[in-house]
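Residue strings, one per chain:
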Amino acid sequence: MGYRTIPFLEACELVSHTLMNAQLLTSPQDKRANDIRARAKMKDFMKVYMTPQPKNNKTWGLQHLDERFDRPRDGDFILFLGEAGVGKTSMSIFMAAQNAKAGVKTLFLSYEMSTENLITRYINTRAQISDEQRICAKYDPDQLGVMKTVIEEVNHDNLTWLDMNDVKDTKDWELTKSLMRNYDLIVIDNFSRVVPRGTEE
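Fair warning: this is a prediction, and the values are worked out from it, not measured in the lab.

A. The arrangement of the packing of aromatic side chains in detail. Summed over the entire model, instances satisfying the criterion amount to one aromatic pair. When the ring of Phe108 is compared with that of Trp161, the centres are 4.9 Å apart and the planes differ by 35 degrees; the resulting orientation is tilted. Of this pair, Phe108 sits in strand E1 (residues 106-110) while Trp161 sits in strand E2 (residues 159-162), and the two are 53 residues apart along the sequence. Classification of Phe108 by relative accessible area gives buried; the value is 0%. The cationic tip of Lys105 hangs over the ring face of Tyr183; the distance from NZ or CZ to the ring centre is 5.3 Å.

Okay, here's the thing in structure tokens:
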């Protein structure tokens, strides 16, 4: 029987596999990391640049905002923050309606108000209708014109309205995720009511 010099790691492997008929143990995390590394491949970025890309037709709703800021893109998470009454919901409805008009399949999901209350308040804001005018149902011609325009916008085929009457349990995250499928833009009012506490979702 002859002798040969082998590297230390090869000797360890030989002892482990041949003499002891054992397997070297790796942690589940290391195995997962090795699997991920084995699958990782550099993307062909030239192919991406040479392939025509669909035009981003999402909008902030106003041309000067689209010119000043990057348009919303797939995967963006946009949060409107502010004091009560500053117009977060009105801006969200306007943005949803303008995107629907531009051909973006949009879902407006309200966890705070019914769709009827939401749209009524929005029409009052856009047409500057006072409580007294609502009680008497007397409006000037400009207000009537704005009301008709807004009603057309919010009734667009690309815009779906769901509210707390449709989703009674705001903590039913699985239902919420199912409802959000197949839409290009999702607006949630009020997001704080739907976020599951103590999870990473």
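B. Structural detail: the packing of helix H6 (residues 115-127) against helix H8 (residues 141-154). Remark: H6 packs on H8, axes separated minimally by 9 Å, with the N-to-C direction vectors making an angle of 140 degrees. Taken together, the axes of H6 and H8 lie oblique to each other. For the pair H6 and H8, the crossing hand works out as right-handed. Residues Ile119, Tyr122, Ile123, Arg126 and Ala127 of H6 form the contact with H8, whose participating residues are Gln143, Val146, Met147, Val150, Ile151, Glu153 and Val154. Of the residues that constitute the contact of H6 with H8, the class distribution is nine nonpolar, one polar and two charged.

C. Examining the pairing of strand E3 (residues 185-189) more closely. Counting buried residues along E3, four of its five residues qualify, which places the element largely inside the surrounding structure. In the sheet, E1 pairs with E3 via five bridges, with the strands oriented parallel. Bridge pairing in E3 links Leu107 to Ile186.

Basis of the calculations
Residues numbered from 1 in each chain as written. Predicted model: local features only at pLDDT ≥ 70, side-chain atom pairs only at ≥ 80, totals over all residues. Heavy atoms only, no water. Phe/Tyr/Trp six-rings, centres within 6.5 Å; stacked < 30°, edge-to-face > 60°. Helix = DSSP H or I, 4+ residues; strand = E, 2+ residues; numbered from the N terminus. Buried < 20%, exposed > 50% of the residue type's maximum accessible area, 1.4 Å probe, protein only. Lys NZ or Arg CZ within 6 Å of the ring centre and 35° of its normal. Axes fitted to C-alpha atoms, helices over the stretch in contact; angles between N-to-C directions. Parallel < 35°, antiparallel > 145°, perpendicular 65-115°, else oblique. Left-handed = near helix turned anticlockwise from the far one by under 90°. Contact = heavy atoms within 4.5 Å. Nonpolar A, V, L, I, M, F, W, Y, C, P; charged D, E, K, R; others polar. Pairing = 2+ DSSP bridges.

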